Amino acid sequence: MRLLVVEDETKIARALKTGLEEEHYDVTVARTGEEGFFLINEQTFDLVLLDLMLPGRGGLEILKTLRQRGLQTPVLILTAKDAVADRVEGLDGGADDYLVKPFAFPELLARIRTLLRRGRPDQVLRLKAADLDMDLATRKVTRSGRPLDLTAREFEILEYLLRCAGRTVSREMLARDVWKETSRDPALDNVIDVHMTRLRRKVDAGARQRLLHTVRGVGFILKEGGP
Ligand code: CA
């Protein structure tokens, strides 16, 4: 698996390269936004680790440009910015996930594995609810035949909700089974809510019936005909 690390801080870049190579990833490091942008356009990577605060062209600008051009490579943002507004901006910009520095290396590895997970040995290759259709093989999702442009993370959440259709899914379940968090982190609840808001907008906007509902104080449910 080829990873691109876009990070200007020498110490962090070096630590990431060493640590990830020990895990048998093929790691390329870009030290400026321009270099990262160039490499992503020139080569194929399975995942990009993107710092937001870069000299010259910032991470967010790079991300937005790449997504506008239709690049689907999963992007994990590494950022010292901890404010909710920055997280939302990153996710809105097309990031699949983010990690706030300083982070624990095992957590980074877990996030990377989640984003890279492909071709799971599922028996079911198609999940459906009303006119919502998810093809697990091609990872295409449609609503009334209209394709939905989901990030890798949004796809995972929707898949989970579809597998639990008609049952309430708590934030705790999403944290454990989608984000693979073993302990409760209240900050993650915000992230989950941000993802759900974006996902709901994509799935239910313009549709005749809503499928994604909030269960107050508990979590969410995917259900036909109301919560
Ligand atoms: Ca930086």
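Note that the structure is a prediction, hence the values are computed from the model and not measured.

Rules used in this analysis
- Residues numbered from 1 in each chain as written.
- Predicted model: local features only at pLDDT ≥ 70, side-chain atom pairs only at ≥ 80, totals over all residues.
- Heavy atoms only, no water.
- Helix = DSSP H or I, 4+ residues; strand = E, 2+ residues; numbered from the N terminus.
- Contact = heavy atoms within 4.5 Å.
- Areas by Shrake-Rupley, 256 points an atom, 1.4 Å probe, with all protein chains shown as cover.
- Lys, Arg positive; Asp, Glu negative; His and termini not counted.
- Charge placed at Lys NZ, Arg CZ, Asp CG, Glu CD.
- Expected span 1.5 Å × (residues − 1).
- Buried < 20%, exposed > 50% of the residue type's maximum accessible area, 1.4 Å probe, protein only.
- Arc of directions from axis to C-beta.
- Domains from an automatic or database assignment.
- Buried area = accessible area lost by both parts, 1.4 Å probe.
- Salt bridge = Lys/Arg side-chain N within 4 Å of Asp/Glu carboxyl O.
- Polar contact = N/O pair within 3.5 Å; in protein donor to acceptor, adjacent residues only side chain to side chain.
- Donors = N, O, S within 2.8 Å, 3.2 Å for Na, K, Ca; no water.
- 1 Å grid on protein atoms, 1.4 Å probe; cavity = no way out; pocket = protein on both sides within 12 Å on 5 of 7 lines; lining within 4 Å.
- Points joined across faces, edges and corners; volume = space filled by probe spheres on them.
- Nonpolar A, V, L, I, M, F, W, Y, C, P; charged D, E, K, R; others polar.

Right, let's talk about the overall build of the chain for a bit. The helix and strand tally for the chain stands at eight helices and 12 strands. With respect to the principal axes defined by its C-alpha atoms, the chain has extents near 55 × 35 × 35 Å. Counting contacts in the chain only where the partners sit at least 6 residues apart, residues at least 24 apart contribute 57% of the total. Surface summary for the chain: the accessible area is close to 11,200 Å², and the carbon and sulfur share equals 51%. If you average the places of the 38 positive and of the 36 negative side-chain charges in the chain, the two averages end up 5 Å apart.

Attention shifts here to helix α1 (residues 10-22). In a regular helix each residue adds 1.5 Å, so 13 residues correspond to 18 Å; α1 covers 18 Å between its end C-alpha atoms and thus fits that length. Of the residues making up α1, those classed as buried are Ala13, Leu16, Gly19 and Leu20. Projection of α1 onto a plane perpendicular to its axis shows the buried side chains occupying an angular sector of 145°, all on one side. Set apart from the buried face of α1 by more than 90 degrees, the exposed residues are Lys11, Arg14 and Glu22.

Attention now goes to the domain arrangement of the chain. The domain architecture assigned to the chain consists of domain 1 (2-119) and domain 2 (126-222). With 17 residues of domain 1 in contact, the opposing surface of domain 2 contributes 16 residues. Of the roughly 1,400 Å² buried at the junction of domain 1 and domain 2 (both faces included), carbon and sulfur atoms supply 48%. Between the two partners, domain 1 and domain 2, sit three salt bridges. Note that Asp92 and Arg198 form a salt bridge whose closest N and O atoms lie 2.8 Å from each other. In this assembly, domain 1 and domain 2 are joined by five residue pairs in polar contact (both at pLDDT 80 or more).

With that settled, consider the coordination of the calcium ion. Coordination of the calcium ion by the protein involves Asp8 (OD), Asp51 (OD) and Met53 (O), with metal-donor separations of 2.1 to 2.3 Å. Taken in sequence order, the residues that donate to the calcium ion follow the motif D-x42-D-x1-M. Taken together, the residues span a long stretch of sequence, with Asp8 in the loop between β1 (2-6) and α1 and Asp51 in strand β3 (residues 47-51) at a distance of 43 residues.

Now for the layout of surface pockets. By volume, the largest pocket is sized at about 570 Å³. Along the walls of the largest pocket sit 24 residues, with Gln72, Asp149, Leu150, Thr151 and Ala152 positioned nearest its centre. Listed by contribution, the elements that provide at least two residues to the lining of the largest pocket are β8 (140-143), β9 (146-148), α6 (152-163) and α8 (186-204). When the residues that make up the lining of the largest pocket are grouped by side-chain class, the tally is eight nonpolar, seven polar and nine charged. When residues are assigned to domains, the lining of the largest pocket turns out to be shared by domain 1 (2-119) and domain 2 (126-222), each giving three or more. Approximately 210 Å³ is the volume found for the second largest pocket. Around the second largest pocket, the lining is made up of 15 residues, and of these Tyr98, Leu99, Glu107, Arg111 and Asp185 lie nearest the centre. At the level of elements, β5 (97-100), α5 (105-116) and α8 are the ones that each hand at least two residues to the lining of the second largest pocket. It is β5 that contributes the most residues to the lining of the second largest pocket, four residues altogether. Looking at the lining of the second largest pocket residue by residue, the classes come out as nine nonpolar, no polar and six charged. Built from parts of two domains, the lining of the second largest pocket gets at least three residues from each of domain 1 (2-119) and domain 2 (126-222).

Applying the stated criterion to the full structure yields 23 salt bridges. Residue Lys101 pairs with Asp51 through a salt bridge whose shortest N-O separation is 3.1 Å. Taken as a pair, Lys101 in the loop between β5 and α5 and Asp51 in strand β3 lie far apart in primary sequence, 50 residues in all. Each member of the pair Lys101 and Asp51 is classed as buried. Asp177 is paired through a salt bridge with Arg176; the nearest N and O atoms lie 2.9 Å apart.

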